[in-house]
Amino acid sequence: MLETSARLLRLLSLLQLRRDWSGADLAERLDVDVRTVRRDIDKLRSLGYPVGSTSGTAGGYRLGAGAALPPLLLDDEEAVAVAVGLRGAAVGTVAGIEETSVRALLKLEQVLPSRLRRRVEALQSATVSLPGTGPTVDPETLTTIAAACRDHERLRFAYRSRDETASTRVVEPHRLVHTPRRWYLVAWDTGREDWRTFRVDRIESRPSSGPRFTPRPAPAEDVAGYVSESVASAPYRHQARILLHTSAERAAAGMSPTAGRIEAIDQHTCLLHTGSDSLDEIALYVGLTGFDFEVLDPPELLGRIRALTDRFARATRPRP
């Protein structure tokens, strides 16, 4: 009986891990035959889990949505991660989920074993979050995109670009990337026939999912790095190359991942590729990094730095 119960928990964990499973794949993972998998699926259904099936020799299975939310199976690390994530969501960049995040956190902490509760409480007591001031996104938009990435389904949505140009996009989503201030979607744009990076807060309508697609090779092994470079090389009015007198590691640690692309030169210098519609914005940002720097391009940036220097110098002069 214990062996059967343990196998049911393992089966439920597998069904929650991936959308579609064949009976043969489940049987191999559980080290049983396909007939046993069918019996275990029936037991899960009797417990209220909405497991759908497809016809075929081995059969196919999918854990669907039911009238009520069935219990989720989380291991220790997953439970702690969910609790910490809910804590952050209360002051995060996803609009409208602060109160529901707190309610969900209270329910989770109520059933956590004491050893895990102590870990979560230690993290909470040692962490203070500042409310974000950047753009927020609709949580349902995020979940729709995440599901489409998982299930390899096309998305269609209205999008407004940085220059306020409105368009309708049909994409094959690959990954969501989150920075401290924004969410980005990396996707193959079927209309442009190229990879694109979309700011999720600029998606103006809730995406609608379409037919499934065969995933393409990713645009880069490091998707987060790809987003950073895409944002830095966006068609800004001004593109700049700045030589920083610090290592690439220190520069990366002290700068936003979307501020630009950092290229290592040696142990003491690196190159920052960045862009903006304002030369003053580039000058101020680089000046506030705390690193000594030299402007390589564009020459106009030097003039703006001199103008800002004079303005700051006048502000420090004593009044007559």
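Everything in this summary refers to the structure shown in the same document.

Calculation notes
Residues numbered from 1 in each chain as written. Predicted model: local features only at pLDDT ≥ 70, side-chain atom pairs only at ≥ 80, totals over all residues. Heavy atoms only, no water. Helix = DSSP H or I, 4+ residues; strand = E, 2+ residues; numbered from the N terminus. Buried < 20%, exposed > 50% of the residue type's maximum accessible area, 1.4 Å probe, protein only. Contact = heavy atoms within 4.5 Å. Patch = residues over 30% accessible without salt bridge, like charges linked within 9 Å, V, L, I, M, F, W, Y side chains within 5 Å. Areas by Shrake-Rupley, 256 points an atom, 1.4 Å probe, with all protein chains shown as cover. Salt bridge = Lys/Arg side-chain N within 4 Å of Asp/Glu carboxyl O. Lys, Arg positive; Asp, Glu negative; His and termini not counted. Charge placed at Lys NZ, Arg CZ, Asp CG, Glu CD.

**As for unusual backbone geometry**
Thinking step 1. Omega for the bond connecting Asp 297 with Pro 298 falls within 30 degrees of zero, at -5 degrees, which places this linkage in the cis form.
Thinking step 2. For Pro 298, the location among the structural elements is in the loop between β12 (293–297) and α11 (299–316).
Thinking step 3. Phi angles above zero are rare outside glycine, and His 152 is one such case at about 55 degrees.
Thinking step 4. Along the chain, His 152 turns up in the loop between α7 (139–151) and β4 (153–160).
Thinking step 5. We note that Glu 193 has phi near 55 degrees; this positive angle belongs to a residue other than glycine.
Thinking step 6. For Glu 193, the position within the fold is in the loop between β6 (183–189) and β7 (194–199).
Thinking step 7. For Glu 193, a relative accessible area of 61% gives the class exposed.

**Digging into the environment of Arg 182**
Thinking step 1. Inspection of the secondary structure assignment puts Arg 182 in the loop between β5 (166–178) and β6.
Thinking step 2. Residue Arg 182 is classed as buried on the basis of its relative accessible area of 18%.
Thinking step 3. Arg 182 sits 76 residues away from Thr 258 along the chain, and the two C-alpha atoms are 9.5 Å apart.
Thinking step 4. Those residues in contact with Arg 182 that sit more than four places away from it in its chain are Pro 135, Val 177, Arg 199 and Asp 201.

**Concerning a positive patch on the surface**
Thinking step 1. Taken together, Arg 35, Arg 38, Arg 39 and Lys 43 make up a surface patch of like positive charges.
Thinking step 2. Structurally, Lys 43 is set in helix α3 (residues 34–46).
Thinking step 3. Owing to a relative accessible area of 35%, Lys 43 belongs among the partly exposed residues under this scheme.

**Notes on the side chain of Asp 151**
Thinking step 1. Mapped onto the elements, Asp 151 comes out in helix α7.
Thinking step 2. Among residues more than four places away in sequence, those in contact with Asp 151 are Arg 19 and Arg 212.

In short, geometric facts, not functional conclusions.
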